[in-house]
Amino acid sequence: AKKKDHVASLMGERLIGTSLHFLGENGKGRQYIERSLSHFVPGDNRSHAVRFQFDQFVSASAYAARISWIVGFPDQALRTAEMGVAQALALGHSLSLCYILGSAACPLTLAVGDLSAAERNVTMLIDHSDRHGLALWQIMARRFKGHFGIKTGERDAGSKLLFNAIDALHEAGFVLYHT
């Protein structure tokens, strides 16, 4: 008999939840994401970060935060995103850190107008993506820096940076966050 791959099954739950989120089915997506999150213990096992590119607890936290935001729980969304950031920092896994920052922490803090947290998150994304040469996340960091600039009154410079980053994402074939 073939042994079940528990971590891969949980990753599958997360991916189904993420797909449902992008299809607008956030209630169903949340169930899958939460089921995945409930089985991953933060800091329990780093091997899945290597195997699946990202720490699965961190990546599930990103979409749990996004879904919480969309269904009307901004405080929970921010707490979940910050929990994911703390976990990625504790692991010392830069790709997971960029994932949670770019997928949840930066956009959410910008959306709620917490400029102090947004500045911290955007700066962290810029620093980590530059330090590790993570090209896609460097583009995402510029995008959020532009958005931050617009929020803080630097409309022309911020808009230019934002639109250049959007063009770069498009050129890289990564249009998932184009909207």
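The present account deals with the structure reproduced in this document. Positions within a chain are numbered from 1, following the residues in the order the chain's sequence is written. With the structure being a predicted model, the display of local features is reserved for residues of pLDDT at least 70 and the display and counting of side-chain atom pairs for 80 or more, all residues being used for whole-chain, interface and lining totals. To get the side-chain values, take all heavy atoms of the structure and skip hydrogens and water.

To continue, consider the overall build of the protein. Under the DSSP-based scheme used, a helix requires at least four consecutive residues in state H or I and a strand at least two consecutive residues in state E, with every element numbered from the N terminus. A tally of regular secondary structure across the protein gives 9 helices and 0 strands. When the helices and strands of the protein are read in sequence order from the N terminus, they spell out α-α-α-α-α-α-α-α-α. When accessible area is computed with a 1.4 Å probe and restricted to protein chains, residues below 20% of their type maximum are described as buried, those above 50% as exposed, and intermediate ones as partly exposed. Taken across its 179 residues, the protein has 46% of its residues classed as buried. Two residues form a contact once any of their heavy atoms are found within 4.5 Å. Taking as baseline every contact in the protein between residues at least 6 positions apart, the subset at least 24 positions apart corresponds to 60%. By element, 55% of the accessible surface of the protein is carried by carbon and sulfur atoms, the whole surface being about 9,100 Å². Using a 1.4 Å probe, the Shrake-Rupley method yields the accessible areas, and only the shown protein chains count as cover for residues.

In this section: the packing of aromatic side chains. Side-chain rings of Phe, Tyr and Trp, where Trp is taken by its six-membered ring, are said to pair if the distance between their centres is within 6.5 Å; with planes under 30 degrees apart they count as stacked, over 60 as edge-to-face, and otherwise as tilted. Scanning the model with the defined rule gives 3 aromatic pairs in all. Seen in terms of ring centroids, Tyr99 and Trp137 are 6.2 Å apart; in terms of plane orientation they differ by 70°. Their pairing is edge-to-face. Placement of Tyr99 in helix 6 (residues 94–112) and of Trp137 in helix 8 (residues 135–151) is noted, with a sequence separation of 38 residues between them. With a relative accessible area of 8%, Trp137 lands in the buried category. Pairwise contacts between aromatic rings join Phe22, Tyr63, Tyr99 and Trp137 into one cluster. The aromatic ring of Tyr32 is capped on one face by Arg35, whose charged end is 4.9 Å from the ring centroid. In this scheme, the term charge over a ring applies when either NZ of a lysine or CZ of an arginine sits within 6 Å of the ring centre and within 35 degrees of the ring normal.

Criterion for a salt bridge: a side-chain nitrogen of Lys or Arg within 4 Å of a carboxyl oxygen of Asp or Glu. Evaluated as defined, the whole model comprises 4 salt bridges. The partner of Arg30 in a salt bridge is Glu34, with the nearest N and O atoms 2.8 Å apart. Here the residue Arg30 and the residue Glu34 both occupy positions in helix 2 (residues 26–39), the gap between them amounting to 4 residues, near one helical turn. By relative accessible area, which is 18% here, Arg30 ends up buried.

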